[in-house]
Amino acid sequence: MDTDHGHRHVDVEACLDRAVSLWKTAAARLPAGEQAEVFHRVTRRLRVRAQPGQGWLIERGMDTGLAVRLRAGTEIGFAATSDASSAGLLWAVEECRRNRMAVPPGSGRLWADSSEVRDVERLQAEPEEEALQGWLQAAKRHERDSGVTASWVEWGCTVDCLVAHGELRTLRAISRCWALGYEGGAKRAERKAVLAGWSLGDLDPFRWDRWEATPIRAVAPGDRDRVPWILSPQVASRILRAFLPFLLSEEGHGDFEFWVDEEPGHPLRIAGGLVDDAGFPTARRRLFPRPDSAAPGLWRVSFMDPPRPRHGILVLGGKAQEAPQRFVWVSSVRCAPAGDGRFYVDMAGERVEDGCAAAFRWLGPGLWRPRQWARTVRGVVGEPRTCPDGTIAPALLCEPSDG
């Protein structure tokens, strides 16, 4: 991150003017029959890190970048660079020409045909350094209750502009705050914990999201002759990511005890998770079991990557259930496609009785079909967790299954 002690705020209109100027520079070099769109991004960050016995470490930075997509007939080229100068733009245009590839009809649509979209309501002023320091001090006071030692807290804002035909197609300006902590202290660093929100006030030091969840204590008697499975949030997330395309492609909806939403507007997408791009929707939509639309939008992990059809932040929910007296807490999984819409699934976990781990269990390997697996899900257990792959998921209560 470049150190930058000036320009504490990002000028949205200046970013827009710069994006239009870059497009005009690119357009001047295009022969007849070629179309270009220019994506321009400016990101500003302020991070305050706690240094035990040494006070505070203040980190400021501003990053810029641009991307160009060039279409000539049925061929499209893409290039991106962190050099947002005119020289960087001209390099990107020439790189597009060198790497152009033919695309199927209908898949190479430029965003020039879309209507103008402005999304600037989530942009807030940069907080003072003292406000971030105060949050870390408050988190420190609650450390014993939360079990998490806060490492740093960060505010950031991003301004994305997409220009085609010399006009703005989309403008998105958003800011967010997020924090990183460690359960067991920064030295032991047993598990990472994160918080993300639109403002500093959204970060509750009592509600850290662990990237790995501990077994849930049983609160209700269960059937002694049948031991259900509880998939940890991380395991549920991995299975869901692998199975979702098949769940969406199969005909018929049926009745299921869980649902999956896509929430592009979740702050996690710019808090170390997936990053959305100007030109893409921010409205939450249902994917499963009765989808609003099964087709994924065009997303990229960063402006350096070409846009590809994929789903953004997934949110898993369902019918709330209590953990039975006896169950197997599934903490790890391996999942690989086996062809014909089936998957090899290999899982491991611990048998839990009366809230205590009783024995290690190995479950598998099994040959699963996604929709048959989905019918074994009886609901969700516990609070949702933030998983490393950008999924918000609780634990899943399932009947034992071989797929």
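See the structure shown above.
Structural notes, computed from the coordinates. In this text, all values refer to a predicted model and were calculated from it rather than measured experimentally.

Section: the nonpolar core
In step 1: Counting residues in hydrophobic clusters, the biggest one holds 46 residues, and the most contacted among them are V68, W135, V153, V159, L203 and W208.
In step 2: The contacts of W135, once residues within four sequence positions are left out, are A150, V153, A179, L195, L200, L203, P205 and W208.
In step 3: The next biggest cluster of nonpolar side chains, apart from the first, holds 33 residues, and it includes V227, W229, V380 and A393.

Details of the pattern of salt bridges
In step 1: Applying the stated criterion to the full structure yields 21 salt bridges.
In step 2: Here R97 makes a salt bridge to E34, at a shortest N to O gap of 3.3 Å. Of this pair, R97 sits in helix α2 (residues 86–98) while E34 sits in strand β1 (residues 34–51), placing them 63 residues apart in sequence.
In step 3: On the basis of relative accessible area, R97 is assigned to the partly exposed category, the value being 22%.
In step 4: Classification of E34 by relative accessible area gives buried; the value is 15%.
In step 5: Notably, a salt bridge pairs E126 with R44, separated by 3.2 Å at the nearest N-O pair. Taken together, the residues span a long stretch of sequence, with E126 in the loop between β5 (117–119) and α3 (129–141) and R44 in strand β1 at a distance of 82 residues.
In step 6: Given a relative accessible area of 7%, E126 falls into the buried group.
In step 7: Within the structure, one salt-bridge network assembled from shared partners comprises R29, E34, E75, E94, R97 and R100.

Remarks on the environment of Y182
In step 1: Mapped onto the secondary structure, Y182 falls in strand β7 (residues 167–183).
In step 2: The class for Y182 is buried, based on a relative accessible area of 19%.
In step 3: The spacing of Y182 and V148 is 34 residues in sequence and 5.4 Å in space, taken between C-alpha atoms.

Describing the packing of aromatic side chains
In step 1: The full count for this structure, using the stated rule, is 10 aromatic pairs.
In step 2: With a centroid separation of 5.5 Å and 80° between ring planes, the pair formed by F243 and W373 is classed as edge-to-face. Linking F243 in helix α5 (residues 233–249) with W373 in helix α6 (residues 370–374), this pair joins segments that are 130 residues apart in sequence.
In step 3: Here F243 falls in the buried class, since its relative accessible area comes to 0%.
In step 4: Taken together, the aromatic side chains of W229, F243, F246, F256, F258, F288, F343, W368 and W373 make up a single cluster linked through ring pairs.
In step 5: When the ring centre of W152 is taken as origin, the NZ or CZ atom of R47, which lies over that ring, is 3.7 Å away.

Points about α5
In step 1: End to end, α5 covers 24 Å across 17 residues, agreeing with the expected 24 Å (1.5 Å per residue, within 8%).
In step 2: Taking the largest bend as the criterion, α5 deviates by roughly 50°, centred on F243, and proline P245 comes between one and four positions later.
In step 3: Restricting attention to buried positions, one finds in α5 the residues P233, Q234, V235, A236, S237, I239, L240, F243, L244, L247 and L248.

Some remarks on the pairing of strand β16 (residues 326–339)
Successive side chains on a regular strand alternate, one facing one side of the sheet and the next facing the other.
In step 1: Pairing geometry for strand β10 (residues 229–231) and β16, over 3 bridges, is parallel. Counterpart to L231 in the pairing with β16 is V330.
In step 2: Bridge count for β16 against strand β17 (residues 342–353) is 12 bridges, and the pairing is antiparallel. Across the sheet, P337 pairs through a bridge with F343, a residue of β17.

Each value, and the rule that gives it
Residues numbered from 1 in each chain as written. Predicted model: local features only at pLDDT ≥ 70, side-chain atom pairs only at ≥ 80, totals over all residues. Heavy atoms only, no water. Core = buried A, V, L, I, M, F, W, Y, C linked by side-chain atoms within 4.5 Å. Buried < 20%, exposed > 50% of the residue type's maximum accessible area, 1.4 Å probe, protein only. Contact = heavy atoms within 4.5 Å. Salt bridge = Lys/Arg side-chain N within 4 Å of Asp/Glu carboxyl O. Helix = DSSP H or I, 4+ residues; strand = E, 2+ residues; numbered from the N terminus. Phe/Tyr/Trp six-rings, centres within 6.5 Å; stacked < 30°, edge-to-face > 60°. Lys NZ or Arg CZ within 6 Å of the ring centre and 35° of its normal. Expected span 1.5 Å × (residues − 1). Bend = angle between axes of the 7 residues up to and from the residue. Pairing = 2+ DSSP bridges.

As far as function goes, none of this settles anything; it's purely spatial.
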